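Summary of the model geometry
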Amino acid sequence: MYEMWAEQDPAVSPPAVVWHVVAKDDASASLCGRFLEPSQRVVPPGDTDSTQVPDRYCDPCLLTVREALAASGR
């Protein structure tokens, strides 16, 4: 089972949130190999402001999910 974790993306300005996929049984590393400490997790605000940078998703994490789904025939 997998879940999504968000962290601040320091590579963009203004700061944005990037989502990673992590395995529930080993939440220390995302599927892209980035180590995520619980203290790094971000809870994005519930309301969205049109001036905010939209959330991004980690492409390497999603590619791994796509490959796993394709290999399982789903």
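Residues numbered from 1 in each chain as written. Predicted model: local features only at pLDDT ≥ 70, side-chain atom pairs only at ≥ 80, totals over all residues. Heavy atoms only, no water.

1. Looking at the side chain of Glu7
Mapped onto the fold, Glu7 is located in strand S1 (residues 2–9). On the accessibility criterion, Glu7 (7% relative accessible area) is buried. Within the structure, Glu7 has its side chain in polar contact with the side chain of His20 (distance 2.9 Å). A polar atom in the side chain of Glu7 sits 2.5 Å from the side chain of Arg34. (Helix = DSSP H or I, 4+ residues; strand = E, 2+ residues; numbered from the N terminus. Buried < 20%, exposed > 50% of the residue type's maximum accessible area, 1.4 Å probe, protein only. Polar contact = N/O pair within 3.5 Å; in protein donor to acceptor, adjacent residues only side chain to side chain.)

2. Details of the confidence of the model for the chain
Looking at the chain as a whole, its pLDDT mean stands at 78, while 74% of the residues score no less than 70. Across the chain, helix H1 (residues 59–72) holds the top mean pLDDT of 90, while strand S3 (residues 26–30) sits lowest at 77. (pLDDT = per-residue confidence, 0-100.)

3. Description of the side chain of His20
Mapped onto the elements, His20 comes out in strand S2 (residues 16–23). Among the residues examined, His20 registers a relative accessible area of 4% and is labelled buried. Discounting residues that sit within four places of it in the chain, His20 has contacts with Glu3, Met4, Trp5, Glu7, Ser30, Cys32, Arg34, Leu36, Cys58 and Cys61. (Contact = heavy atoms within 4.5 Å.)

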